[in-house]
Amino acid sequence: MRMIGKAIRMERFVKRDTGRTIIVPMDHGVGAGPIPGLTNMPDAVNKAALGGANAVLGHMGLAKHGHRKYGSDVGLIIHLSASTSLGPNSNHKVLVTTVEEAIKVGADAVSIHVNVGAEDEPEMLEGFGRVAQKCDEWGMPLLAMVYPRGPKITNEYGKDVVAHAARLGAELGADIVKTNYTGDIDSFKEVVKGCPIPVIIAGGPHMDSELGLLEMVADSLEAGGKGAAIGRNVFQSEDPTRTIKRISAVVHGGFSAADAYKIE
C-alpha cells in the first residue's frame, strides 16, 4: 500500500505521458531572504502554475502563505532542509521539518538537500537515511537535491562527482534526484546511466540567455534526464509564465530549444 501511495503522489507532479517533470524551487527565502521574484509568494506560485509547472517547492511557509491561493493548481513539494547564507557554514543543511508535518499540509512530495563532500556530510547523510525511511513508511515521494560541494571538490560540474552525487541519491532511498548538469550530453549520459532513478537538472545561477537555458534543458533530456528543477531562471526572468511555457514545450512537448524560444 505504501508504494501505491508513492505512485499516486508522484503522478501529481510527474506527467504521465512523458514521465518528466518541471519543478520550480522557491525555498530561497530561508537561505537568502526575500530575493527579487519571491517577495510575493502567491504571485510567484501563480505565475509558475499558469506557465505549466508541475510543482513548486518550498518550506512550510509556502503552504501557509503562498501555495494554491488563486489561479491554476500545481503540485506541492515541501523542503525539509535548511541553512542560511548568514550562518558559519551554508553548505551544512539541517532538517527543519518532518515528513509527517509535510503530510499534514497536503504535500505531494518532500525534498532534502545534501552536499556531498561538505565537512558536515556525515550528519546530512544520516538525516537523509531517516527521511527516506519515513517516506517509505508513509508512501511519500522523496526528491533528493544532491550536489558535490566541499574542500575536495575542484569542479562541482565534473562528470565523476556529479555521477557520484546522483548515485548516492538513489542508494539512500530517494525516488528522484536533482543535481548539476555536467555541461554536455555525453558526460551527462554517464550520470544518468549510473543512476537507477530519474535524474533532473538544477537550473543553477541566473543566466543571461534564456535560449541558453532552454538548450541546457534540451541537452539534458537527450542524455536521458527526466526534467528540470529551475528556480531563479524562472521567477527572476522577465516573464516567468512565458519562461515556464517555453521550458514545458521542451520537456513535455518535444520542441527544440530554438522553437520553444519563439513561444510568446
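The preceding data block contains the structure.
Scope of this entry: the structure provided in the associated data block. (Residues numbered from 1 in each chain as written. Predicted model: local features only at pLDDT ≥ 70, side-chain atom pairs only at ≥ 80, totals over all residues. Heavy atoms only, no water.)

1. A look at the sheet that holds strand 6 (residues 109-116)
Note the threshold: If DSSP finds at least two bridges between two strands, the strands pair. Comment: elements are numbered from the N terminus, with helices defined as DSSP H or I runs of at least four residues and strands as E runs of at least two. The convention used is that axes are lines fitted to C-alpha atoms, helices contributing only their stretch in contact, and that angles between N-to-C directions extend from 0 to 180 degrees.
On the basis of which strands lie adjacent, the closed barrel formed by eight strands has the order 1-2-3-6-7-8-9-10 and parallel pairing. Taking each pair of neighbouring strands and ignoring which way they run, the sheet shows an average axis angle of 25 degrees.

2. Topic: the packing of aromatic side chains
Applicable threshold: Pairing of aromatic rings covers Phe, Tyr and Trp, the last through its six-membered ring, and needs centres within 6.5 Å; plane angles under 30 degrees mean stacked, over 60 mean edge-to-face, and all others mean tilted. Charges are assigned to positions over rings by a cutoff of 6 Å between ring centre and Lys NZ or Arg CZ, combined with an angular limit of 35 degrees from the ring normal.
Evaluation of the coordinates by the stated rule reveals one aromatic pair. Positioned over the ring face of Tyr147 is Arg149, at 4.4 Å from the centre of the ring. The ring of Tyr261 has Arg246 lying over it, and the distance from NZ or CZ to the ring centre is 4.7 Å.

3. Brief notes about the nonpolar core
Heads up, the rule is: What is meant by a nonpolar core is a set of buried Ala, Val, Leu, Ile, Met, Phe, Trp, Tyr and Cys residues, joined one to another through side-chain atoms within 4.5 Å. Between buried and exposed lies partly exposed: a residue is buried under 20% and exposed over 50% of the maximum accessible area for its type, with that area taken using a 1.4 Å probe on protein chains only. We call two residues in contact whenever any of their non-hydrogen atoms come within 4.5 Å of each other.
In this structure, Val24, Met26, Phe128, Leu142 and Ile247 are the most contacted members of the largest nonpolar core, which totals 69 residues. Discounting residues that sit within four places of it in the chain, Ile247 has contacts with Ile22, Leu213, Leu214, Ile230 and Val234. In terms of nonpolar packing, the next biggest core, distinct from the first, is built from 15 residues, Ala109, Tyr147, Ala202 and Ala229 among them.

4. Details of helix 6 (residues 121-138)
Test applied: A helix's residues, less one, multiplied by 1.5 Å, set its expected span. As used here, the arc belongs to the directions running from the helix axis to the C-beta atoms.
If you check helix 6, its first and last C-alpha atoms are 26 Å apart, about what 18 residues at 1.5 Å a residue would give, namely 26 Å. Buried within helix 6 are the following residues: Met124, Gly127, Phe128, Val131, Ala132 and Cys135. For helix 6, the arc enclosing every buried residue in end-on projection is 140 degrees, short of the 170-degree limit, so these residues lie on one face. Exposed residues pointing more than 90 degrees away from the buried face of helix 6 are listed as Pro122, Glu126 and Gln133.

5. Structural notes on the side chain of Lys6
Our working rule: N or O atoms closer than or at 3.5 Å make up a polar contact, with two conditions inside protein: a donor-capable atom paired with an acceptor-capable one, and, for residues adjacent in sequence, both atoms drawn from side chains.
Along the chain, Lys6 falls in helix 1 (residues 2-10). Lys6 gets classed as buried once you look at its relative accessible area, which sits at 6%. A polar atom in the side chain of Lys6 sits 2.9 Å from the side chain of Asp175.

6. Quick word on the environment of His28
For His28, the location among the structural elements is in helix 2 (residues 28-32). Each C-alpha atom, one on His28 and one on His59, is 9.1 Å from the other, the two residues being 31 residues apart in sequence. Once residues within four sequence positions are removed from consideration, His28 is found in contact with Gly33, Ile35, Leu38, Gly231, Arg232 and Phe235.

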